[in-house]
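# Notes for the structure review
Spelled out, the chains give:
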Amino acid sequence: MNSYMKYIAKRILYAFFTIFAISVFAFLIVHFLPGDPVRTMLGYEADQAAVDTLRKQLNLDKPLPVQYVLWITNMLKGDFGMSVMLGTDIAGLIKDRLPVTLWLTVPAMVFSIILGIVIGIICATKRGSFIDQSLTVLMTTMNGIPIFWIGIILIYLFGVKLRVLPFVGFVNPLEDFKGYLSHAFMPMLIMSFRPMSSIARQVRTNMLDVINQDYIRTSKAYGLSPTKIKYKYALKNVLIPVITLIALQVRSIVGGSLLAEQVFSIAGISRLITTSVMNNDFLVIQSLVLVISIFVVFANLLLDITYGFVDPRIRINGGKK
């Protein structure tokens, strides 16, 4: 096994350890609550017999290690339990809501990465120009404006005044792609604002640093085309620290989906979390914390592996720069 494969294996091992730690935290959510969690879920006026029955159903009458083993075993089998408040199978709720959130967050992340890199390159190569100054001010402003406020402005402009875009609900792209684009445009836009601005500013800073390096000057002296220097030599080194920033923006996108789904009344995972917290439906919260964390860890794992394709030092040293 070469050094790069050892690096990938180590990253995968770290990912599994992280998921295990998160699963323990998610499991302990119920036990962190002050008082009796079962009474909190059912209400303090609930009959004692009903409380005892639910406690037994949730295995809360067993020792803590046994509870965890039973809980995680059922999770691995796809049995997430029942929502106490909604009276619905939690696995079914996740199956219905998760695709909605993914159809919003994944395109928003891709859009923010691509556009952020392009804007950063334009600003760096045209440093000091009107375009650079305008885009820099725009990116800084976008990074500071609250997401929900941008959402309200977009709803008023495109939904109320111009009436060109719907501002409530979601359409499955597999059923109606045109309807999906019109419904998802504004939510994806506000979710991508902050990550895009952060990536653009980082790319601009790194690009300005790289294009002043000796090897770039040498490439110019040898008569290589500016396009080749910019995209083959400079951009590759610029992307190394940007990948780390992208990994951090994955969490920003997930947080942005929470506000986007609330503002645009979209029945996704993030909105389900809000409803569950308000209704003290801790079984749903446990499941969603674990599922969302797994997706975030998996996204970070892919970005870690991407380092090897961008940075030759990782391929040679197995992750040690």
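Okay, so let's go over this structure. As the structure is a computational prediction, the values presented were derived from the model and not from experiment.

Quick notes on the rules
Residues numbered from 1 in each chain as written. Predicted model: local features only at pLDDT ≥ 70, side-chain atom pairs only at ≥ 80, totals over all residues. Heavy atoms only, no water. Helix = DSSP H or I, 4+ residues; strand = E, 2+ residues; numbered from the N terminus. Buried < 20%, exposed > 50% of the residue type's maximum accessible area, 1.4 Å probe, protein only. Contact = heavy atoms within 4.5 Å. Areas by Shrake-Rupley, 256 points an atom, 1.4 Å probe, with all protein chains shown as cover. Lys, Arg positive; Asp, Glu negative; His and termini not counted. Charge placed at Lys NZ, Arg CZ, Asp CG, Glu CD. Core = buried A, V, L, I, M, F, W, Y, C linked by side-chain atoms within 4.5 Å. Salt bridge = Lys/Arg side-chain N within 4 Å of Asp/Glu carboxyl O. Patch = residues over 30% accessible without salt bridge, like charges linked within 9 Å, V, L, I, M, F, W, Y side chains within 5 Å. Expected span 1.5 Å × (residues − 1). Bend = angle between axes of the 7 residues up to and from the residue. Polar contact = N/O pair within 3.5 Å; in protein donor to acceptor, adjacent residues only side chain to side chain. Axes fitted to C-alpha atoms, helices over the stretch in contact; angles between N-to-C directions. Parallel < 35°, antiparallel > 145°, perpendicular 65-115°, else oblique. Left-handed = near helix turned anticlockwise from the far one by under 90°. Nonpolar A, V, L, I, M, F, W, Y, C, P; charged D, E, K, R; others polar. Phe/Tyr/Trp six-rings, centres within 6.5 Å; stacked < 30°, edge-to-face > 60°.

Now for the overall build of the chain. Secondary structure assignment for the chain yields 13 helices and zero strands. Walking the chain from its N terminus toward its C terminus, one meets helices and strands in the order α-α-α-α-α-α-α-α-α-α-α-α-α. Along the longest, intermediate and shortest principal axes, the C-alpha atoms of the chain span 85 × 60 × 35 Å. Across the 321 residues that make up the chain, the buried fraction comes to 41%. For the chain, the proportion of contacts with a sequence separation of at least 24, taken over those separated by at least 6, is 72%. Carbon and sulfur atoms form 67% of the exposed surface of the chain, whose accessible area is close to 17300 Å². Taking the average place of the 30 positive charges on the side chains of the chain and the average place of its 17 negative ones, the gap between the two points comes to 16 Å.

On to the nonpolar core, then. In terms of nonpolar packing, the biggest core is built from 83 residues, with Trp-71 and Ile-94 touching the most fellow members. Setting aside anything within four residues of it in sequence, one finds Trp-71 in contact with Ser-23, Ala-26, Phe-27, Gln-286 and Leu-290.

Our focus in this paragraph is the pattern of salt bridges. Inspection of the entire model under this criterion finds two salt bridges. Between Asp-52 and Arg-55 there is a salt bridge whose closest N-O contact spans 3.4 Å. One end of the pair, Asp-52, and the other, Arg-55, are both in helix α3 (residues 48-57), three residues apart, so they sit about a helical turn from each other. Of the charged contacts in the structure, one is a salt bridge between Arg-204 and Asp-132, with a shortest N-O distance of 2.9 Å. Taken together, the residues span a long stretch of sequence, with Arg-204 in helix α8 (residues 177-210) and Asp-132 in helix α6 (residues 130-144) at a distance of 72 residues. Accessibility expressed as a relative area gives 3% for Asp-132, which makes it buried.

Quick look at a nonpolar patch on the surface now. Residues Val-106, Val-110, Phe-111, Ile-114, Leu-115 and Val-118 make up a contiguous nonpolar surface patch of about 470 Å² in total accessible area. Examined against the element boundaries, Val-118 turns out to sit in helix α5 (residues 90-125).

With that out of the way, let us pick up α8. Between the first and last C-alpha of α8 there are merely 41 Å, a value that for 34 residues lags more than 12% behind the 50 Å anticipated at 1.5 Å per step. Maximum bend of α8: about 45 degrees, positioned at Ala-184, with proline Pro-187 one to four residues after it. A side-chain oxygen of the first residue of α8 lies 3.4 Å from the backbone nitrogen of Lys-178; this N-cap is Asp-176.

Further remarks concern the environment of Met-186. Topologically, Met-186 is positioned in helix α8. Separated by 36 residues in sequence, Met-186 and Ile-150 place their C-alpha atoms 9.6 Å apart.

Turning next to the packing of α5 against α6. Two elements in contact, α5 and α6, have axes whose closest approach is 8 Å; the angle formed by their N-to-C orientations is 140 degrees. Our classification of the angle between α5 and α6 gives oblique. α5 and α6 meet at a crossing whose hand is left-handed. Residues Ile-119, Ile-122 and Cys-123 of α5 touch α6, and the partners they reach there are Ile-131, Asp-132, Leu-135, Thr-136 and Met-139. Of the residues that constitute the contact of α5 with α6, the class distribution is six nonpolar, one polar and one charged.

One non-glycine residue, Arg-163, adopts positive backbone phi at about 55 degrees. Inspection of the secondary structure assignment puts Arg-163 in the loop between α7 (147-161) and α8. A relative accessible area of 71% means that Arg-163 is categorised as exposed. Positive phi, close to 50 degrees, is recorded for Ser-265, a residue that is not glycine. Relative to the elements of secondary structure, Ser-265 occurs in the loop between α10 (226-263) and α11 (269-278).

Right, let's get into the packing of aromatic side chains. Applying the stated criterion across every chain, the model contains seven aromatic pairs. With centroids separated by 5.5 Å and ring planes inclined at 75 degrees, the aromatic side chains of Phe-27 and Tyr-68 adopt a geometry described as edge-to-face. Of the two residues, Phe-27 is situated in helix α1 (residues 3-32) and Tyr-68 in helix α4 (residues 64-76); the sequence distance between them amounts to 41 residues. Taking the relative accessible area as the measure of exposure, Tyr-68 reaches 16% and is therefore buried. Each ring, one from Tyr-68 and one from Trp-71, has its centre 6.3 Å from the other, and the planes form 45 degrees; the classification is tilted. Of this pair, Tyr-68 and Trp-71 both sit in helix α4, separated by three residues, roughly a single helical turn. Both residues of the pair, Tyr-68 and Trp-71, belong to the buried class. An aromatic cluster is built from Phe-20, Phe-27, Tyr-68 and Trp-71, whose rings are joined through pairwise contacts.

Read these as geometric descriptors, not functional statements.
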